[in-house]
Amino acid sequence: MEKIVERGLLYDFYKELLTSHQRSIYEEAVFQDLSLSEIADDFSISRQGVHDIIKRCDKLLYEYEEKLHLVEKFIKIQENAKEINLILDEMKQIGEHDLLMQKCDEIRVLSDGMIEEL
C-alpha cells in the first residue's frame, strides 16, 4: 500500500486517540503538505518540534494498528465485498432462473451497502 494512503487510513481510524494539538499538526503536514517551517510558524514552535510531533504521531498510529488491526480488517472486508460482487456477476451470467437473478440482486445490494459503509 502506498505510504500516503496508509498514513491517511491510519489517521482516519485512530485520529481520536491523538491530542487535538497532534491532530492539527499532523493534518497540516500529511494532508495539506505544508513544510516544517510553515507548520512551525503556524503553531509558534520550532521546526524540530514539528518534526518530533509528526514522527510521534506516525509511531502511535502504527502501534495502534499493530494492536487493533482495524485498517487491516477494513481492507479485508472491502476486498471480500468486491469478491462477492464478482461472484454474483458470474452467477448472473450462468443462471437464467428469475428467483436466482432476484437473489443475486439482493446480495449485490447488501454487498454494495457494505462497501459504501466502509
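Each value, and the rule that gives it
- Residues numbered from 1 in each chain as written.
- Predicted model: local features only at pLDDT ≥ 70, side-chain atom pairs only at ≥ 80, totals over all residues.
- Heavy atoms only, no water.
- Helix = DSSP H or I, 4+ residues; strand = E, 2+ residues; numbered from the N terminus.
- Salt bridge = Lys/Arg side-chain N within 4 Å of Asp/Glu carboxyl O.
- Phe/Tyr/Trp six-rings, centres within 6.5 Å; stacked < 30°, edge-to-face > 60°.
- Axes fitted to C-alpha atoms, helices over the stretch in contact; angles between N-to-C directions.
- Parallel < 35°, antiparallel > 145°, perpendicular 65-115°, else oblique.
- Left-handed = near helix turned anticlockwise from the far one by under 90°.
- Contact = heavy atoms within 4.5 Å.
- Nonpolar A, V, L, I, M, F, W, Y, C, P; charged D, E, K, R; others polar.
- Expected span 1.5 Å × (residues − 1).
- Buried < 20%, exposed > 50% of the residue type's maximum accessible area, 1.4 Å probe, protein only.
- Arc of directions from axis to C-beta.

(A) How the structure looks around unusual backbone geometry. In this structure, D33 takes a positive phi of about 55° despite not being glycine. The topology assignment puts D33 in the loop between α2 (20–31) and α3 (36–43). Of note, S44 is a non-glycine position whose phi angle comes to about 55°, a positive value.

(B) The pattern of salt bridges, seen in detail. For the structure on display, the rule yields four salt bridges. Between D89 and R108 there is a salt bridge, with its nearest N and O atoms 2.2 Å apart. Here D89 is found in helix α5 (residues 70–94), whereas its partner R108 is found in helix α6 (residues 98–117), with 19 residues between them in sequence.

(C) Fine view of the packing of aromatic side chains. All told, the structure shown has five aromatic pairs when counted by the stated rule. Where F13 meets Y14, the ring centres are 6.4 Å apart and the plane angle is 50°; that geometry is what we call tilted. Judged by centre distance (5.9 Å) and plane angle (45°), the ring pair of Y14 and Y64 falls under tilted. On the criterion of sequence distance, the pair formed by Y14 in helix α1 (residues 3–14) and Y64 in helix α4 (residues 47–68) is long-range, its members being 50 residues apart. The structure contains a cluster of three or more aromatic residues connected by ring pairs, namely F13, Y14, Y64 and F74.

(D) How the structure looks around the packing of α1 against α2. One way to put it is that α1 packs onto α2 with a least axis distance of 11 Å and a crossing angle of 155°. Put simply, α1 runs roughly antiparallel to α2. For α1 against α2, the interelement crossing comes out left-handed. Of the residues in α2, those touching α1 at I4, R7, G8 and Y11 are R23, Y26, E27, V30 and F31. In terms of residue class, the contact of α1 with α2 is made up of five nonpolar, one polar and three charged.

(E) Inspection of α6 at higher detail. Here α6 contains 20 residues, and its C-alpha end-to-end distance of 29 Å stays within 8% of the 28 Å for a straight helix at 1.5 Å per residue. Residues M101, C104, R108 and S111 constitute the buried set of α6. Seen from one end, α6 has its buried residues packed into an arc of 90°, which puts them on one side. Exposed and oriented more than 90 degrees from the buried face of α6 are D98, V109, L110 and E117. If you follow the buried residues of α6, they end up packed against α5.

(F) Fine view of the environment of A29. With respect to the element layout, A29 can be found in helix α2. Sequence separation between A29 and R108 is 79 residues, and the spatial gap between their C-alpha atoms is 39 Å.

(G) Seen up close, the side chain of D58. With respect to the helices and strands, the residue D58 is situated in helix α4. Residue classification places D58 among the buried positions, given a relative accessible area of 12%. Contact partners of D58, with chain neighbours within four places excluded, come to R7 and Y26.

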